[in-house]
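Listed below are the residues making up each chain.
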Amino acid sequence: MSARRKKGGTKPRANALWGGRFAAGPSAIMEKINASIGFDKRLYAQDIAGSRAHAAMLARKGIISKTDALAIDRGLQKILAEIESGKFRFKTALEDIHMNVEARLADLIGPAAGRLHTARSRNDQVATDFKLWVRDSIDALDTALQDLQAKLIAQAERHADAIMPGFTHLQAAQPVTFGHHMLAYVEMFGRDRGRLADCRARLNESPLGSAALAGTPFPIDRNMTAKALGFARPAANSLDAVSDRDFALEYLSTAAIAAVHLSRLAEEMVIWTSGPFRFVRLSDAFTTGSSIMPQKRNPDAAELVRAKCGRIVGSLNALLMVMKGLPLAYGKDMQEDKEPVFEATDALALAVAATSGMIADMKPDRKRMRQAAEDGFLTATDLADWLVRELGLPFRQAHHVCGRVVKRAEESGKSLQALTLAELRAIEPRIHKGVYKALSIENSVAARRSFGGTAPAQVRRAAATARRRYL
């Protein structure tokens with residue numbers, strides 16, 4: 001028995017907005033599972049923009065009167081103001097944002113409101129709203145990622161010559177500069193922005209006017225509404241237009257890749273702020289204390305950014321599963337398309353903002369990073385290269401000699417630079433004192449002048465190029 005019948009003891013009313021064929025209203029459970037207003041009310045601005053464009057087109061084509069179109073437009077603007085001021089009452093019984101707006105429009109202007117839905121369906125309406133919302137989200141995310149790039153570039157410029165260990169397998173490998181490391185993420189987020197731009201270009205086709213699935217017999221102008229809403233063109237096929245959600249999948253895929261990049265950077269922040277590393281320090285603004293250990297400073301913001309990645313990747317998987325078996329055109333399953341996108345967008349926006357804050361806030365410990373670079377025999381590859389250049393050894397033989405040198409340094413508790421010439425010659429007699437230039441960490445870093453390399457001069461050039469390219 002429905003909740004409505006329990007309360008009033010009367011037969012439930014048919015839903016006035018889709019009723020006609022249905023004598024009785026839905027059960028309470030059906031109302032709950034069917035309603036989407038709890039989340040799709042976020043589409044209100046896009047829904048009203050689409051309706052205003054549609055009404056203007058209907059009037060231009062003589063499908064509705066100019067008087068009705070003017071009343072509709074004024075009513076929609078009033079509804080927008082009510083929603084933005086918090087005065088609008090969303091009703092679950094009206095199912096979704098479209099019906100809530102239309103019902104309120106009828107309250108405001110009377111029967112003329114019923115003319116708004118001429119030559120369209122909720123199917124093309126929601127597809128249009130959703131595309132507009134995703135497009136707006138792409139623009140906002142692009143701006144946020146650009147701000148993150150700006151902060152990374154600023155750190156790269158300040159620390160272009162700050163030497164630190166570079167890692168492979170999380171093992172100290174070769175010396176690099178902190179600035180070089182920062183610019184690596186600038187490139188990653190640059191590709192994320194490129195993917196967003198590609199996604200935006202592909203989604204920028206208007207579904208409006210496709211109606212339920214087959215188009216409409218009314219003489220509408222889909223180019224007019226597409227232009228009014230900032231689309232590049234109308235979608236070419238009405239079936240595809242109302243059932244297409246690959247724009248949302250592509251957006252979530254791009255969001256997931258960006259989240260992975262953020263998670264990698266967050267992981268490095270966690271590592272770098274840990275006791276054994278102490279490469280960077282975050283202020284109280286982005287750390288928390290322990291409930292029982294007063295000495296601790298926990299990088300909670302970075303850890304939460306790292307965790308957000310799972311939510312965003314999960315949203316992509318959720319929508320893939322919704323869409324994987326749907327025949328054309330629209331199925332109610334597609335009502336489940338918006339929550340994953342909304343959740344991923346919220347999580348990603350927060351993660352980008354937190355990461356930008358941490359990058360601007362962090363203070364690298366140049367002395368500590370330099371010491372760590374000295375501790376790991378990081379110029380071993382430079383020694384091998386020197387043996388090839390100066391002594392003509394094949395690289396594989398030079399690599400073997402270098403391995404014996406490293407072993408000798410380990411056994412004696414010395415750095416490579418601290419080994420005497422006699423110790424080096426005991427392994428390879430032709431080594432001469434010129435080898436010590438190759439064993440210098442500063443020389444090692446400065447020698448990497450190739451395009452994309454870690455030499456401070458190259459890092460400064462790359463940072464300047466990144467400013468011009470991305471900001």
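Residues numbered from 1 in each chain as written. Predicted model: local features only at pLDDT ≥ 70, side-chain atom pairs only at ≥ 80, totals over all residues. Heavy atoms only, no water.

Visitor: Please set out the packing of helix α11 (residues 246–272) against helix α13 (residues 338–361) residue by residue, giving values where relevant.
Guide: Direction vectors running N to C along α11 and α13 enclose 30°, while the axes themselves pass 10 Å from each other. Looking at the two axes, α11 sits roughly parallel to α13. Pair α11 / α13 crosses with left-handed handedness. Where α11 abuts α13, its residues Ala 248, Tyr 251, Leu 252, Ala 255, Ala 258, Ala 259, Leu 262, Leu 265 and Met 269 lie against Pro 340, Val 341, Ala 344, Thr 345, Leu 348, Ala 351, Val 352, Thr 355, Met 358 and Ile 359. (Axes fitted to C-alpha atoms, helices over the stretch in contact; angles between N-to-C directions. Helix = DSSP H or I, 4+ residues; strand = E, 2+ residues; numbered from the N terminus. Parallel < 35°, antiparallel > 145°, perpendicular 65-115°, else oblique. Left-handed = near helix turned anticlockwise from the far one by under 90°. Contact = heavy atoms within 4.5 Å.)

Visitor: Quick rundown of the state of the cysteines? Include the residues and the values.
Guide: Counted under the stated rule, the structure contains zero disulfides. Note on Cys 199: no disulfide assigned, nearest cysteine sulfur contributed by Cys 309 at a separation of 18 Å. (Disulfide = S-S within 2.5 Å.)

Visitor: Provide a residue-level description of α11, including the pertinent values.
Guide: Under the 1.5 Å per step criterion, the end-to-end length of α11 is 39 Å for 27 residues, consistent within 8% with the ideal 39 Å. Of all 27 residues in α11, 20 are buried, a share of seventy percent or more. (Expected span 1.5 Å × (residues − 1). Buried < 20%, exposed > 50% of the residue type's maximum accessible area, 1.4 Å probe, protein only.)

Visitor: Please provide a residue-by-residue account of the environment of Gln 46, values included.
Guide: Positionally, Gln 46 belongs in helix α4 (residues 44–60). Once the C-alpha coordinates of Gln 46 and Ala 266 are considered, the two residues, 220 residues apart in sequence, prove to be 34 Å apart. Apart from residues no more than four positions distant in its own chain, Gln 46 is found in contact with Asp 129, Leu 132, Trp 133 and Asp 136.

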